[in-house]
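# Descriptive structure summary
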Amino acid sequence: MIRLGLCCIFRNAPIKFRRTTARYLLSISKAKREEHLATICMHNADALYRALQFCGANGIGAFRINSQILPVKTHPEAGYDLGKLPGGDRIIARFKQCGAFAREKGLRTTFHPDQFLVLSSTDADVVKRSIADLEYHAMVAGWVTADVINIHGGGAYGDKKSALGRLAGVIRGLDPEIGSRLTLENDDRVYTPADLLPVSMETGVPLVYDVHHHRCLPDGSSAEQTTEAALATWNREPLFHLSSPLNGWEKGPCRPHHDFIDPKDFPDCWKDLDLTVEVEAKAKELAVLRLKNALTRDSG
DNA sequence: AGCGGTCAAGTTGAT
DNA sequence: ATCAACTTGACCGCT
């Protein structure tokens with residue numbers, strides 16, 4: 001069975017996540033700051049619960065949780081401890097209710113921290129802050145029972161081989177709360193599946209195969225070959241990424257995402273797998289539901 | 001109420 | 001040397 005995943009936000013459904021900025025938080029009093037953060041974090045825990053309800057009610061099997069679900073959480077000056085905010089215990093309890101709901105409905109939850117998290121960096125401080133961010137993600141993942149924290153390989157610094165060596169070294173030293181959830185994804189500028197598969201096999205961190213990125217940044221392997229190799233890295237239900245290019249494959253830059261998925265971009269070799277496919281499309285839940293219909297018609 | 005400037009962070013590659 | 005592009009709006013503050 002294919003399980004389709006929705007990424008972070010909704011196009012039409014009235015479910016919104018709130019955020020704030022470090023600059024604003026640091027411009028107000030400590031009491032006001034904690035009140036503001038508590039309001040936003042509780043709002044986001046509630047919104048997550050409603051997002052999962054929407055997914056459960058609409059046959060969407062997975063939901064990617066935005067990294068800003070606890071905004072500014074690990075900022076050096078504006079960061080905070082959720083449990084110490086006003087009503088912090090209730091906020092944590094609400095996240096745990098999200099986890100209970102997800103388990104009850106068989107929904108999968110995932111994280112995809114943004115590009116500032118770089119484990120291959122030559123700068124020890126960047127790596128340290130990245131690990132702090134992973135700790136935050138792992139903490140929330142524990143509450144909501146997310147089994148994937150997916151990152152890219154980061155920069156190459158003119159020497160891919162050394163960078164991948166640093167990446168593998170950092171991964172090996174991670175706390176199991178992080179390491180047991182961590183995954184690596186091929187990107188569209190630096191690291192191909194062929195670059196990352198050896199790191200996956202060496203560290204036990206699964207490969208999230210993004211077939212769109214692979215078409216933008218090929219490595220000589222076919223989608224079939226890479227699918228097979230990526231599947232072998234998973235010790236749980238595999239998770240892959242799918243999107244369609246805004247301007248077609250023929251002309252212009254292929255990176256920007258389309259509103260919807262062209263069913264022709266769904267690889268045939270994925271169709272009979274037990275697999276989560278996260279749908280990276282700007283029309284969000286509308287695109288997931290449309291693809292779901294197309295796949296159902298296709299097989300039935 | 002509406003609009004515009006702004007938002008923590010890293011890296012690459014275009015200018 | 002500088003800066004947009006990644007994700008992509010949503011926020012606050014001013015009118």
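Above this text you will find the structure in question.
The following paragraphs examine the structure supplied in this document. (Residues numbered from 1 in each chain as written. Chains lettered and ligands numbered in written order. Predicted model: local features only at pLDDT ≥ 70, side-chain atom pairs only at ≥ 80, totals over all residues. Heavy atoms only, no water.)

### A closer look at helix 5 (residues 160-172)
Here helix 5 is 13 residues long and its end C-alpha atoms lie 18 Å apart, about the 18 Å a rise of 1.5 Å per residue gives. Within helix 5 the residues assigned to the buried category are Ala-163, Leu-164, Leu-167, Ala-168, Val-170 and Ile-171. One side of helix 5 carries all its buried residues, which in axial view fall inside an arc of 165 degrees. Of the exposed residues in helix 5, those oriented more than 90 degrees away from the buried face are Lys-161 and Arg-172. Next to the buried residues of helix 5 lie helix 4 (124-144), strand 5 (182-185) and helix 7 (193-203). (Helix = DSSP H or I, 4+ residues; strand = E, 2+ residues; numbered from the N terminus. Expected span 1.5 Å × (residues − 1). Buried < 20%, exposed > 50% of the residue type's maximum accessible area, 1.4 Å probe, protein only. Arc of directions from axis to C-beta. Contact = heavy atoms within 4.5 Å.)

### Some words on the nonpolar core
Judged by nonpolar contacts, the single largest core of 88 residues is most densely connected at Leu-70, Leu-82, Phe-95, Leu-119 and Val-144. Sort the elements by how many residues they give to this core and helix 2 (residues 30-57) lands first, with eleven residues. When near neighbours in sequence (up to four residues on either side) are disregarded, Val-144 contacts Leu-48, Ile-65, Phe-95, Cys-98, Gly-99, Thr-109 and Phe-111. (Core = buried A, V, L, I, M, F, W, Y, C linked by side-chain atoms within 4.5 Å.)

### Some words on the packing of aromatic side chains
How two aromatic rings sit relative to each other is given by the distance of their centres and the angle of their planes. Tallied over the entire structure, the rule returns nine aromatic pairs. Pairing Phe-17 with Phe-63 gives two aromatic rings, centres 6.3 Å apart and planes at 25 degrees, and the pair type is stacked. Of this pair, Phe-17 sits in the loop between strand 1 (2-7) and helix 1 (22-25) while Phe-63 sits in strand 2 (residues 62-65), and the two are 46 residues apart along the sequence. Given the relative accessible area of 21%, Phe-17 is considered partly exposed. (Phe/Tyr/Trp six-rings, centres within 6.5 Å; stacked < 30°, edge-to-face > 60°.)

### A closer look at unusual backbone geometry
Despite not being glycine, Thr-145 has its phi angle at roughly 55 degrees, a positive value. Note on Thr-145: relative accessible area 32%, which makes it partly exposed. Residue Lys-284 is not a glycine yet carries a positive backbone phi of 50 degrees. By the secondary structure assignment, Lys-284 is in the loop between strand 8 (275-279) and helix 10 (285-299). Accessibility expressed as a relative area gives 15% for Lys-284, which makes it buried.

### Some points on the sheet that holds strand 3 (residues 108-111)
The pairing of strands in a sheet comes from backbone hydrogen bonds and takes either a parallel or an antiparallel form. Strand order in the open sheet made by the eight strands is 6-5-4-3-2-1-8-7, with parallel pairing throughout. Both outer strands of the open sheet, strand 6 (207-208) and strand 7 (239-242), are each paired with one neighbouring strand and no more. Bridge analysis of strand 5 against strand 6 gives two bridges, and the strand direction is parallel. Paired with Glu-185 across the bridge in strand 6 is Val-208. (Pairing = 2+ DSSP bridges.)

### Observations concerning the protein's contact with DNA strand C
In the region of DNA strand C, eight residues are neighbours, and Arg-18, Arg-19, Tyr-24, His-36 and Gln-115 sit closest. Taken together, the sugar and phosphate atoms account for 75% of what DNA strand C places within 4 Å of the protein. One nitrogen or oxygen atom from the side chain of His-36 is found 3.2 Å from a phosphate oxygen belonging to DNA strand C. At 3.4 Å from a phosphate oxygen of DNA strand C is found a side-chain nitrogen or oxygen belonging to Lys-284. Tallied by class, the residues present in the surface near DNA strand C amount to two nonpolar, three polar and three charged. (Near = heavy atom within 4 Å. Polar contact = N/O pair within 3.5 Å; in protein donor to acceptor, adjacent residues only side chain to side chain. Nonpolar A, V, L, I, M, F, W, Y, C, P; charged D, E, K, R; others polar.)

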